[in-house]
Every structure is written in C-alpha cells, then in structure tokens.
Protein chains: 2
Amino acid sequence: MTVPRPCSIADTLAVVGEKYSLLVLREVFLGVRRFDAMVRGIGAPRDVLAARLKHLVEAGVLEKVAYSERPPRHEYVPTAAGLELQGVLHLLRQWGDRHLAERPPLVLGHDCGAALDPLVVCAHCRQPVTPQSVSLPPS
Amino acid sequence: MTVPRPCSIADTLAVVGEKYSLLVLREVFLGVRRFDAMVRGIGAPRDVLAARLKHLVEAGVLEKVAYSERPPRHEYVPTAAGLELQGVLHLLRQWGDRHLAERPPLVLGHDCGAALDPLVVCAHCRQPVTPQSVSLPPS
DNA sequence: TCCCAAGGGTTGGGTTTTCAAACTCGCCCT
DNA sequence: AGGGCGAGTTTGAAAACCCAACCCTTGGGA
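Note that the structure is a prediction, hence the values are computed from the model and not measured.

Peer 1: Describe helix α1 (residues 8–16) of chain A, naming the residues involved and giving the relevant values.
Peer 2: Extensive coverage of α1(A) is indicated by the burial of seven of its nine residues. Within α1(A), the full set of buried residues consists of A:S8, A:I9, A:D11, A:T12, A:L13, A:V15 and A:V16. Check the buried side of α1(A) and you find it contacts α2 (21–29) and α4 (46–58) of chain A together with α2 (21–29) and α6 (86–99) of chain B.

Peer 1: Tell me what's going on with the protein's contact with DNA strand C, and back it up with residues and numbers.
Peer 2: Every one of the 20 residues lining DNA strand C counts as a neighbour, but A:K19, A:R52, B:R46, B:H74 and B:Y76 are closest to it. For DNA strand C, a phosphate oxygen lies 3.0 Å from a polar atom in the side chain of A:Y20. Within the backbone of B:H74, a nitrogen or oxygen atom sits 2.9 Å from a phosphate oxygen of DNA strand C. At the level of elements, α4 of chain A together with α3 (35–42), α4 (46–58), β1 (62–68) and β2 (73–78) of chain B are the ones that each hand at least two residues to the surface near DNA strand C. With four residues, the top contributor of residues to the surface near DNA strand C is α4(A). Taken together, the residues of the surface near DNA strand C break down into seven nonpolar, one polar and 12 charged.

Peer 1: Account for the UniProt feature "domain: HTH hxlR-type" (unreviewed entry) in chain A, with residues named and values stated.
Peer 2: Under the local residue numbering, the UniProt record ascribes the feature "domain: HTH hxlR-type" (unreviewed entry) to residues 7–104 of chain A. Helix makes up 58% of residues 7–104 of chain A and strand makes up 13%, while its end C-alpha atoms are separated by 36 Å.

Peer 1: Account for the pattern of salt bridges, naming residues and giving values.
Peer 2: Throughout the structure, instances matching the rule amount to 14 salt bridges over all chains. Across the pair B:R5 and A:E27 runs a salt bridge whose closest N-O atoms are separated by 2.6 Å. Taken as a pair, B:R5 in the segment before α1 (8–16) and A:E27 in helix α2 lie in two separate chains rather than in one. The exposure class of B:R5 is partly exposed, given its relative accessible area of 23%. Here the residues in one salt-bridge network are A:R5, B:R26 and B:E27, joined through shared partners.

Peer 1: Pulling in residues and values, what's your account of the protein's contact with DNA strand D?
Peer 2: Every one of the 18 residues lining DNA strand D counts as a neighbour, but A:R46, B:K19, B:D47, B:R52 and B:R70 are closest to it. Counting only the atoms of DNA strand D within 4 Å of the protein, the fraction contributed by sugar and phosphate is 65%. At 2.7 Å, a side-chain N or O of B:R52 approaches a phosphate oxygen of DNA strand D. B:R70 is positioned such that a nitrogen or oxygen atom in its backbone is 2.8 Å from a phosphate oxygen of DNA strand D. The residue inventory of the surface near DNA strand D, partitioned by class, reads seven nonpolar, one polar and 10 charged.

About the thresholds
Residues numbered from 1 in each chain as written. Chains lettered and ligands numbered in written order. Predicted model: local features only at pLDDT ≥ 70, side-chain atom pairs only at ≥ 80, totals over all residues. Heavy atoms only, no water. Buried < 20%, exposed > 50% of the residue type's maximum accessible area, 1.4 Å probe, protein only. Helix = DSSP H or I, 4+ residues; strand = E, 2+ residues; numbered from the N terminus. Contact = heavy atoms within 4.5 Å. Near = heavy atom within 4 Å. Polar contact = N/O pair within 3.5 Å; in protein donor to acceptor, adjacent residues only side chain to side chain. Nonpolar A, V, L, I, M, F, W, Y, C, P; charged D, E, K, R; others polar. UniProt positions renumbered as here; feature names shortened; annotations may be inferred. Salt bridge = Lys/Arg side-chain N within 4 Å of Asp/Glu carboxyl O.

Right, dumping it as structure tokens:
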C-alpha cells in the first residue's frame, strides 16, 4: 500500500471533517442559520466560519437562501444531503454523553414520546450493528 | 449567548475531531493496528500520527498493547469506548457512498447475510430517526 | 562479524491554518 | 448626522501541519 487507502470515509471527512464543520451542522439543525448567531454558538473565528460555510455550500451540504432583498440577508439551510448527516451528530452526542459526561446531556425528544436514544441497526434485518456482527471484506 | 454552546458533540469532537483521528479508528477497525501500517493506510505524516495516537490513548479510545517484549513492539487496539464509535464511521461511509460516489463502495457484510446498510433508529421504538421525528428542546 | 532492514518513533525546517481584533460596507432607525 | 446590525474581510502573530531525515533497538542474512 503505497498510497492512502481509497475510502469514502476519508472523502466524507474532506467535506465535513474540518474543524467546526460539524458544529456548523449542529447549529443549523438546532435552527441557528445566521452568520453572527453561528459565530456565537460555535465560538469559531469569523474568517474560519466564513470559509467553512462557503465550503459546505459548494459541497452541496448547505444552501444559501435569501430571506430579505433589501438589505441583502440570507440564511444557511441544509440540503437533502445535509439532512442525512443528522445521524452522525446524534451518535457523536450520544458518545460524548456516555463517555465524557461533562455536563447534563441535551435531551432531544423522539416522536414516540421517549427521549431520543439513537441506535445503529442494519436496514435489512433491523438488528443492532455491533463490531462482531460486521464482517470485513477480504483484504 | 456569549460563550460557545456547551455541547457533548463539541466535547466528542475534541477527542476524535482532529485531522486523521477518525481515519485512525477506521484503520483500527479494519484490523490495521501498527504504526507503520497506519502511516501507509492513512497517508498522514508520522509525527502527526504519533500525536493522534497518543491523544487517543490518553482519551481512552485506544489502548497500547505489547505483542512482543524483545524487540519491544506494540499495537493499538480499541477500548470499549472506542468500539462504540464504529457507528459514526459506518454513517460517514454511507454518506460518502451516497453523495460522493467517487469509487466503488467498500462493501461490509452483516450477520444477516446482507450487505451492511446502517440505519439510525430510536432505541425505544425502533423507528428510523428523521429530522421530522426529532423534537428540539425548548430554547 | 558486518551490514542492512523493520518497527516505532523524534527532530528540524518551512508552509499553512488558526486566531482575535479591528475594519468595511450597505442599510435601517432616530 | 450618528449609531447599530448583519455579514463578512483584513491583518499580523501563534499554532498546526507537512516532509524528509535521523535515531535506536533488535533480528536476519552474507
């Protein structure tokens, strides 16, 4: 192996793996969609946030939507592709709540009435995906 | 909001959000557990990889296990906490396969016999977690 | 015995990114 | 005219990152 492993995890991280990118998505999912509000919520330098937003828009994860012509104002909304990243954030939050426990967890609700407790299952058999239940490809 | 939002997503990203950290976990889950092999698989600079490994060990995500006394040799194996991050990698891979499609997807198998297709459900009701089915906390 | 290779890093240096603070620009309000 | 908001852009110093080269230990041939 002389060149880095080709891999869609790496490809995905090239889109959302830079510092603050996933926090931008967190804010968007929480309904925070304006530049200044994101700066405050994330605590990122303004120039870095501007660069991340541009990158995410170019990658088709967010879309810039005008909500006022004059003065020109717009907000960042997730595309369909962007919405599909919510699961990643749910899992990151769950992992932090379980293993870092530095704060009272943010409790999200699920339609069923219970607190949201995300679980990764196989879409085919609906059984949980565990390290043991996954088989690696023959190397 | 004068200070960044306190959030376990951000806390988790402080552990695994640096450049290459999730790729280290990918390699570990693929069974690649030695320094030089990781350098080749990931394509990271050796010094950066050394720093990431140290950080992941200190954070309790990986453990350094000797497999030879003389010469002193060891490998990096995931802890229980580390194993729990597999779901994140499955989702990142799935997203890349769906939206980037730059290569034939790496097909992992699931116990049920089908190709692994990860899906995030609510552990309580087993229904898929969608943007619409999750309710935000009252801000 | 001598030399080389493998494993697992460390060191020195130059190149990018980040960062925080200040600045800009258009528009609205008073 | 002055002040403020939203949304960035500029600036210059600090921190990462990248790469090549080097180090050390042990094991294996020639």
